[in-house]
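Below are the chains, spelled out letter by letter.
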Protein chains: 6
Amino acid sequence: MTIPEPILNGDTADFYFHNTRRVLAQENLDPSVTMEIFPSRAGILCGMREALELLNQVLPNDAQVWHLDEGAAMDTKEVVLRIRARYSAFGLYETALLGMLASESGWATAAHRIVEAAKPISVISFGARHVHPNVSAQLEYAAIIGGCATAATPAGARLAGKKPSGTMPHAMILIFGDTVRAVEAFDKWMPPDVSRIALVDTFRDEAEEAVRVATALGDLLWGVRLDTPSERGRVTPDLIKEVRARLDLAGFPHVKIFVSGGVDLERVEIFKRANAPIDGYGVGSAISAAPPIDFTGDLKEIDGKPIAKRGRIPGITPNPRLKEWTRNS
Amino acid sequence: MTIPEPILNGDTADFYFHNTRRVLAQENLDPSVTMEIFPSRAGILCGMREALELLNQVLPNDAQVWHLDEGAAMDTKEVVLRIRARYSAFGLYETALLGMLASESGWATAAHRIVEAAKPISVISFGARHVHPNVSAQLEYAAIIGGCATAATPAGARLAGKKPSGTMPHAMILIFGDTVRAVEAFDKWMPPDVSRIALVDTFRDEAEEAVRVATALGDLLWGVRLDTPSERGRVTPDLIKEVRARLDLAGFPHVKIFVSGGVDLERVEIFKRANAPIDGYGVGSAISAAPPIDFTGDLKEIDGKPIAKRGRIPGITPNPRLKEWTRNS
Amino acid sequence: MTIPEPILNGDTADFYFHNTRRVLAQENLDPSVTMEIFPSRAGILCGMREALELLNQVLPNDAQVWHLDEGAAMDTKEVVLRIRARYSAFGLYETALLGMLASESGWATAAHRIVEAAKPISVISFGARHVHPNVSAQLEYAAIIGGCATAATPAGARLAGKKPSGTMPHAMILIFGDTVRAVEAFDKWMPPDVSRIALVDTFRDEAEEAVRVATALGDLLWGVRLDTPSERGRVTPDLIKEVRARLDLAGFPHVKIFVSGGVDLERVEIFKRANAPIDGYGVGSAISAAPPIDFTGDLKEIDGKPIAKRGRIPGITPNPRLKEWTRNS
Amino acid sequence: MTIPEPILNGDTADFYFHNTRRVLAQENLDPSVTMEIFPSRAGILCGMREALELLNQVLPNDAQVWHLDEGAAMDTKEVVLRIRARYSAFGLYETALLGMLASESGWATAAHRIVEAAKPISVISFGARHVHPNVSAQLEYAAIIGGCATAATPAGARLAGKKPSGTMPHAMILIFGDTVRAVEAFDKWMPPDVSRIALVDTFRDEAEEAVRVATALGDLLWGVRLDTPSERGRVTPDLIKEVRARLDLAGFPHVKIFVSGGVDLERVEIFKRANAPIDGYGVGSAISAAPPIDFTGDLKEIDGKPIAKRGRIPGITPNPRLKEWTRNS
Amino acid sequence: MTIPEPILNGDTADFYFHNTRRVLAQENLDPSVTMEIFPSRAGILCGMREALELLNQVLPNDAQVWHLDEGAAMDTKEVVLRIRARYSAFGLYETALLGMLASESGWATAAHRIVEAAKPISVISFGARHVHPNVSAQLEYAAIIGGCATAATPAGARLAGKKPSGTMPHAMILIFGDTVRAVEAFDKWMPPDVSRIALVDTFRDEAEEAVRVATALGDLLWGVRLDTPSERGRVTPDLIKEVRARLDLAGFPHVKIFVSGGVDLERVEIFKRANAPIDGYGVGSAISAAPPIDFTGDLKEIDGKPIAKRGRIPGITPNPRLKEWTRNS
Amino acid sequence: MTIPEPILNGDTADFYFHNTRRVLAQENLDPSVTMEIFPSRAGILCGMREALELLNQVLPNDAQVWHLDEGAAMDTKEVVLRIRARYSAFGLYETALLGMLASESGWATAAHRIVEAAKPISVISFGARHVHPNVSAQLEYAAIIGGCATAATPAGARLAGKKPSGTMPHAMILIFGDTVRAVEAFDKWMPPDVSRIALVDTFRDEAEEAVRVATALGDLLWGVRLDTPSERGRVTPDLIKEVRARLDLAGFPHVKIFVSGGVDLERVEIFKRANAPIDGYGVGSAISAAPPIDFTGDLKEIDGKPIAKRGRIPGITPNPRLKEWTRNS
């Protein structure tokens, strides 16, 4: 993981940290300080891997760092990162460190919640299209840290050491003009390790189309994907049960059912209570729209003396869960 | 604005678009298609500048594009972008196009709301620290498109053609050990075009500290910033009025009051109703935590014939507000 | 309209009226009394026609009756019927009179509300199946008094002087095994004055099936009926608009759209706000499940003297809207 | 129980079943079908006795019927009746079958709830006056199936094999001009097996009147009925307790207290929590105003093959609670 | 109005004012100070008359006082009293001054609201029994300042320059054993200037008893009082209308109706909407249970210099409504 | 405890008791009666000591009294006081007896609730300034009966056999112009048995000022009082924790923290959940603004015979908790 140049050169830093660097330098002030970073609410910590990589590149050898691990559960206001070094060594990077933790922890926490609710049904992150492509890989990485099985883009899946998932969009079926034709072409040209999952809501009723593609591909068909739009009433427990029943009745009990389209915590609970026979979920906005978890960085010691601004407790906050960081080089 | 390589090479694209490209190529299918892109809810359109830049780099000369302008108000499900071209020319970029529009429109819309509420008091975007540094510049650009006066990072302000704002953080004052000392050093070393705005809640009561720094800098002091933490009751209308009164009583009616810290729509309404004498706002999470506005791309014509998946109306959606794009090359 | 024997012989009367008849007869008490009948809440008065028919059969010639007309708007506790006669002449019929007014006014009032909301789109009562067949004709009569265009059973429509409405049920299409086949057979064998309305949600997606039946019958097709079940998301404004658009695109702008299935006040408002292109409604439970409007009968004069039980004002209640009844002997 | 002619001749059937009969006959289509009937919500099944009687009159000998028993608890969407026969044998009666079950199950369910709440105090159905006299007997029968001790009309009580209940109305007391006089006449002329229950809220305060009638009739008085109107504050727990206390104090502990007038689930709970000394309830609107429970009939097999319209599972729905019907002739 | 000794000698003062007096005396500190007193919420100012009487007794001649008048409407935090004097002259009386204003303004404000709602029907304060007798006169005085016509105790009415109101309690009627007997004795022995108002809910139904007492006293009866307890459903609009109707029907249109028992704002609104024919109200708890309006006293000048504790604006608060006090001696 | 003359002479009695006395005397009616007094809602009984003192002064020797003890928990409508005597002996005092119980029980009940919630932290009543000085001693007495440790005025504390509490007001600190100067003077001149508790929110931030006064007085300082106004965000758990931490860090772990200012049940719960390190509470309005608990007096026997007005049960209400009163002659 390389840290982009605009981060390293302070171009993404809040301007007042530039002012501070200038004034302190003129005044020859560069005390050893201890900064503590903590979140505004509880969740799953994510972004720490990237934050430590940034610190690795900028901190001198005598700096000390304590931290929680990537993916750890963290409590409201729990200190997750403590840095002790000359202020000039890292003051400029506060903006970037907080931002990495904020976005990624926000996404990981939302993913964690929906993965826990969906258990034991697996969840794949489909939200890349809902965030700027500069951070879509971080979104997907965070979703996987939060428990998703994998994600939809090569960049995101690679960041988490996974293979990307995804078979066919509505566009492809529309271009073929018929779902069965599209599925047959897909089966013909795709490598055998790609699962054959047919999207069955493009032209006809889902139950009818599911039986048609199962009849066409037989044992080669891994599953069908239901993505019914709100204009057709979304995917409901009854729809899933009926598709399952009609597939079984037609002799295709092996064909799995994968559900996407507006899947969120509330929908997962509805499916669960109804015992809907689902084999996998694709989740988009419910993860991508998660608000960041704001983090704060506080100076708590200067030259070894406890200090704090009004409203905060001076001195180190005890947290036995923190472990000291060993530089990776 | 350059488009990063991982976007251009499809690394951030949903994997099923790679599959689609492969299968269609094998089948020699590459019709002319018309795609329409529309938002899931109303707001301020942002990200269009970047989306058009991406299309500029990838579309052939005979492609046609219609669009709304950056910063335009858009309605729920209103078509904001229509692309007519061979599918192979742009199918792979659907993920990136939607993502740019989603994140930036989400932020611009939130900024617009708070700027409208705060009028005529100006608002500066302070939220860079709450999002990943890979998109903090886009956040600040979008906030300015939404109406903010400027933003806090060099990268973000530059993207919008502005100068960054920001004077001093709590860390600087803590290192100096006294607000007046910090403010005097700031005044000594910073260029004259930087406004002297003193942060007055670090060590002492805000009203007391405000009078102290005003006494120290006199006419040189442009203003004070109130950023009272929740542990001290946040910034309230009564606090602002009292600081104003004590500054006036001490002979400093020229010193302005700038308010930050948890400022959101609700707080702005409270300040407004109370006629709190505020000269400027700094807004963070209320913009940075705005959820993206999800966009959808639908194929509506193939080789000139109206088509649509179930749930959508086949054919072009009339929208007289769209204007045809002239390539900037 | 004939009054059934169990009503005339008191078999449906509350038993205490039999006791009263017995005791008063033994005591030779049979004063002239004035009874006033009023509803517990406002609504559309219905059942008066039948009530007057009953009174016509039982009251002596010197009895006096005042009443509001069938279908009149009535206010809470407004006197709608006043009877002055020997108590022995009608005391036994209080139960039946109140019951006729209660059930029929309840249905007429509910029908009136939905008809007003749906205007100018016409409404047909489809609720016979949701009430006991002994009163389904009264339900349909009351729905028509409340404003419905007609109703679904021969008995009900006849009572209101209308022709019954209805084309084909799901059962018929299932027996034919295909919607187009069923519609073609319907067209072949039904008299020309029966509108050809195809039910299009039995086997396939509604939009697809609508175009298929329109293609099969052409100008002979009057309309399609959408009755989508909740398992498929009910009938939504978007579905109606899409069916309209696909019919128009396929060259069948003359085919009307008739909507049924769970239509109630809330749904009608949703369709209205969305400008859904609907040509007719079929309404069942929203009328048939309306609670009766309870009526009360109070003695207010005995032998010309004002009287009342505790809680009521003694004597005649002035109501200039009442008109005296002329016997249709 | 005889089935009225308008039901048997299809006059109360939805018109589209007439159309269906006509078209199928012309097409010589008359498959063996299986129809399943199920309710839209849980409750107490009622109307089955009458439905089976109708089927008994119309089905051929080789038809098969499975059903739950009258009075059984049924679950939402549980199949309560399954009919296998030529479609022509019963298709026309779907409207009547559903309607019988709908109205009667609605009333029985409401009665069941209030009887359960009131236990061990018995409940008598007083609601005949709030429904059309054509179904008041069915209402009372259903109320008794739901658990009521008996009902108020001769027709209704007879249908359920009970004796009707009821002593004297306000009208009788008003005609006598004094409660004690009315009660004495009642006692003089009524057969000894009719309970002497005095209505005590017509002219004077209930507590005062209760002691007066008890003094007049002594041991012959079975009880008093409290029916206080809303204008006098309805019957309250405190009123009941005071009447009890004043009767006891005056030496009439044997006189029972029967409560009527707006008694519903909420009131019963209030009386229960207050330990009001009640010996019996009369319940009207809380049963008669219960909405019908809508039932649906679905074809699930045609000529032995599973089938269903979109939204339903094809084939027989397993329900081990169903038992096969033995024709009663 | 004499100020009780425990107030004058500081026995009712908060103890820390005694400490303050002691310490300041030892330090020879006795500056001229300006104190401003303001309420925590808006209402009707009451207690000022008594507060000024206290100040009259303790302030030296050179002290200055500004104030709003007794009974004035006051706004939230509006200064209602400003005192400028040596601190030693009045510091000890802050507790008493605030307390007088708090209790009396609370009651006057509640009275004002109900009087406004009841207009043009007059209201009499009946709440003395719900507060300690040491302040029942102040309660009644405040109720009259708030708009009540008079009150129920000699002490309270006298304080406000009125004659007390009240005729007979339930106890008196119970001792006589019959309402008519009690009313006749009352009429026989009370002076002619006392209105004959009969309480009519003690033994019998109100409507019955009202006609009985009217028949007994004829033109001598001024009115009846309805005070129905909650056990009998309270006084309702229907009860009032019926009593009015039965009195009129019996030839007593001159007899007025006075309502008491749980009368509060909500009840008054109910009576008003129902056009209940009421001639007077007696109000108890709705006034007596009003919470005090807390007042605060702030030092705003010391020896002529603006000052204030944190949270308050230093210096005199402009209020043109204040008028300077002229000593009454 | 002496009973004031206006109570003894009936000046504070409802006027209709004067009427009753006059009429009964003229009629020579003076039966032995039994009155029962009960509250409208549950709570802590207070005012009984004073009520018995009044009865002691007015009842003849042969009167009988039963009562619950001062401070007892009482239930809704539980009889707390029963008096059997000639009516002339105490009829006039009903108003005063009910009023004493009403006000004092209201305050004691509110105090009890907050004391229970605050346990084991002690509570001092600070509400004297919010009620009229004629009853401020009764308020404080009742608060102590409800569980408060002591109260703020000499009169109130004395009534309950306690020493008053309270150190210094804002006024004293403002006059000294500096908190440390004021505290030093207080320490110099106050007797050693008065706790040195410094009010630390007048001029500077509470945390800063707390350390300043602790540094000035050292071991002599018993504690600090936090009374932060709403304009500065009130006293919050975080503020208390920070003051505690900064005192400890500066070497003053012995200094206690006392909290006042808007403390109510909700605030106490917030402090408790947050484990705020509080050593004592001062509570004002949460006790002083408690509404009185209305009491009612009913005649239940006259000359030994059970009686009651309509709505009440005639005769003695059994209550084994009542104990007979022994005159303290």
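Residues numbered from 1 in each chain as written. Chains lettered and ligands numbered in written order. Predicted model: local features only at pLDDT ≥ 70, side-chain atom pairs only at ≥ 80, totals over all residues. Heavy atoms only, no water.

Observations concerning the overall build of chain A
Across its full length, chain A holds 13 helices and 14 strands. In terms of overall dimensions, chain A has a C-alpha envelope of 80 × 40 × 35 Å along the principal axes. Sorting the 329 residues of chain A into buried and exposed places 64% on the buried side. Accessible area of chain A: about 11500 Å², with a carbon and sulfur share of 51%. Here chain A holds 37 positive side-chain charges and 41 negative ones, and the gap between their average locations is 2 Å. (Helix = DSSP H or I, 4+ residues; strand = E, 2+ residues; numbered from the N terminus. Buried < 20%, exposed > 50% of the residue type's maximum accessible area, 1.4 Å probe, protein only. Areas by Shrake-Rupley, 256 points an atom, 1.4 Å probe, with all protein chains shown as cover. Lys, Arg positive; Asp, Glu negative; His and termini not counted. Charge placed at Lys NZ, Arg CZ, Asp CG, Glu CD.)

Side note on the domain arrangement of chain A
Residue and element names in this part refer to chain A. Each assigned domain of chain A is listed here: domain 1 (5-105 + 293-324) and domain 2 (106-288). Computed from C-alpha atoms alone, the centre-to-centre distance between domain 1 and domain 2 is 40 Å. Contacts between domain 1 and domain 2 engage 15 residues on the former and ten residues on the latter. Note on domain 1 versus domain 2: buried area summed over both sides is about 930 Å², and carbon and sulfur give 55% of it. When the buried surface of domain 1 facing domain 2 is broken down by residue, I44, R49 and E104 rank first, second and third, together holding 48% of it. The interface formed by domain 1 and domain 2 holds 13 residue pairs in polar contact (both at pLDDT 80 or more) in total. Where the side of domain 1 that touches domain 2 is concerned, the elements lending two or more residues are β2 (43-44), α3 (48-58) and α5 (94-118). For the side of domain 1 that touches domain 2, the element with the highest residue contribution is α5, accounting for five residues. Taken together, the residues of the side of domain 1 that touches domain 2 break down into seven nonpolar, four polar and four charged. (Domains from an automatic or database assignment. Contact = heavy atoms within 4.5 Å. Buried area = accessible area lost by both parts, 1.4 Å probe. Polar contact = N/O pair within 3.5 Å; in protein donor to acceptor, adjacent residues only side chain to side chain. Nonpolar A, V, L, I, M, F, W, Y, C, P; charged D, E, K, R; others polar.)

Focus on the interface of chain D and chain C
Taken together, the contacts link 92 residues of chain D with 92 residues of chain C. Of the roughly 8000 Å² buried at the junction of chain D and chain C (both faces included), carbon and sulfur atoms supply 60%. Considering only the surface of chain D that becomes buried against chain C, D:R129, D:I175 and D:R310 emerge as the three largest contributors, covering 12% of it. C:R129 is the salt-bridge partner of D:E94, the closest N and O atoms lying 3.7 Å from each other. Elements with a contribution of two residues or more to the side of chain D that touches chain C: α2 (15-26), α5 (94-118), α6 (136-145), α7 (154-159), α8 (170-176), α9 (179-189), α13 (285-288) and β12 (295-302) of chain D. The element best represented in the side of chain D that touches chain C is α2(D), accounting for ten residues. (Salt bridge = Lys/Arg side-chain N within 4 Å of Asp/Glu carboxyl O.)

With respect to the interface of chain A and chain F
On the side of chain F, seven residues touch chain A, which itself brings nine residues to the contact. For the pair chain A and chain F, the two sides together bury roughly 610 Å², of which 55% comes from carbon and sulfur. It is A:R310, A:I313 and A:P314 in chain A that bury the most area against chain F; as a group they hold 64% of the surface buried on that side. At the boundary of chain A with chain F, the tally comes to one salt bridge. Scanning the region where chain A abuts chain F turns up six residue pairs in polar contact (both at pLDDT 80 or more). The class makeup of the residues in the side of chain A that touches chain F is four nonpolar, one polar and four charged.

A few points about the relation of the copies chain A and chain F
For the pair chain A and chain F, the superposition axis carries a translation of 0.1 Å, the fit reaches an RMSD of 0.1 Å, and the rotation angle comes to 120 degrees. The symmetry that links the two subunits is that of a three-fold axis. The rotation axis passes nearest to the C-alpha of A:E266 in chain A, at a distance of 19 Å. (Least-squares fit on C-alpha atoms with pLDDT ≥ 70 in both.)

Observations concerning the sheet that holds strand β6 (residues 123-125) of chain C
Residue and element names in this part refer to chain C. With respect to topology, six strands assemble into an open sheet ordered β7-β6-β11-β10-β9-β8, the strand pairing being parallel. Edge positions in the sheet fall to β7 (150-151) and β8 (197-199), since each of these pairs with one other strand and no more. Sheet topology places strand β10 (residues 256-259) next to strand β11 (residues 280-283); two bridges connect them, and they run parallel. For F258, the partnering residue across the bridge sits in β11 and is G280. (Pairing = 2+ DSSP bridges.)

A look at the pattern of salt bridges
A full pass over the atoms with the stated rule returns 150 salt bridges over all chains. Measuring nitrogen to oxygen at the nearest pair gives 3.3 Å for the salt bridge that ties A:E231 to B:R312. A residue pair is termed interchain when its members come from two chains, as with A:E231 in the loop between β9 (223-226) and α11 (237-249) and B:R312 in the loop between β13 (305-306) and β14 (323-324). Taken as a pair, A:E231 and B:R312 share a single burial class, namely buried. Taking the shortest distance from any N to any O, the salt bridge between E:R310 and F:E206 comes out at 3.0 Å. Remark: F:E206 occurs in helix α10 (residues 206-217) and E:R310 occurs in the loop between β13 (305-306) and β14 (323-324); the pair is interchain, linking two chains. Across the pair, F:E206 and E:R310 agree in class, each one buried. Several salt bridges share partner residues, and in doing so they unite A:D205, A:E242, A:R246, C:E206, C:R232 and D:R310 into one network.

What about the environment of F:N134?
Relative to the helices and strands, F:N134 is located in the loop between β6 (123-125) and α6 (136-145). Sequence separation between F:N134 and F:F258 is 124 residues, and the spatial gap between their C-alpha atoms is 29 Å. In this structure the side chain of F:N134 is engaged in a polar contact, spanning 3.2 Å, whose partner is the backbone oxygen of E:N134.

Digging into the pairing of strand β11 (residues 280-283) of chain F
Residue and element names in this part refer to chain F. Every second residue of β11 is oriented toward a common face, with G280 and G282 on one face and Y281 and V283 on the other, all of them buried. Two elements, β6 and β11, share three bridges in a ladder whose sense is parallel. Bridge pairing links S125 to V283 in β11. Note on the crossover from strand β10 (residues 256-259) through helix α12 (residues 265-273) to β11: the handedness is right-handed. (Right-handed = clockwise from strand over helix to strand, strands pointing away.)

Points about α10(F)
All names here are of chain F. Over its twelve residues, α10 extends 16 Å from the first C-alpha to the last, a length consistent with the 16 Å expected when each residue adds 1.5 Å. Along α10, the positions that sit buried rather than exposed are E206, A207, E208, E209, A210, V213, A214 and L217. Capping the start of α10 is the job of one residue whose side-chain oxygen sits 3.2 Å from the backbone nitrogen of A207: D205. Downstream of α10 by one or two residues, G218 has phi in the positive range, about 60 degrees. (Expected span 1.5 Å × (residues − 1).)

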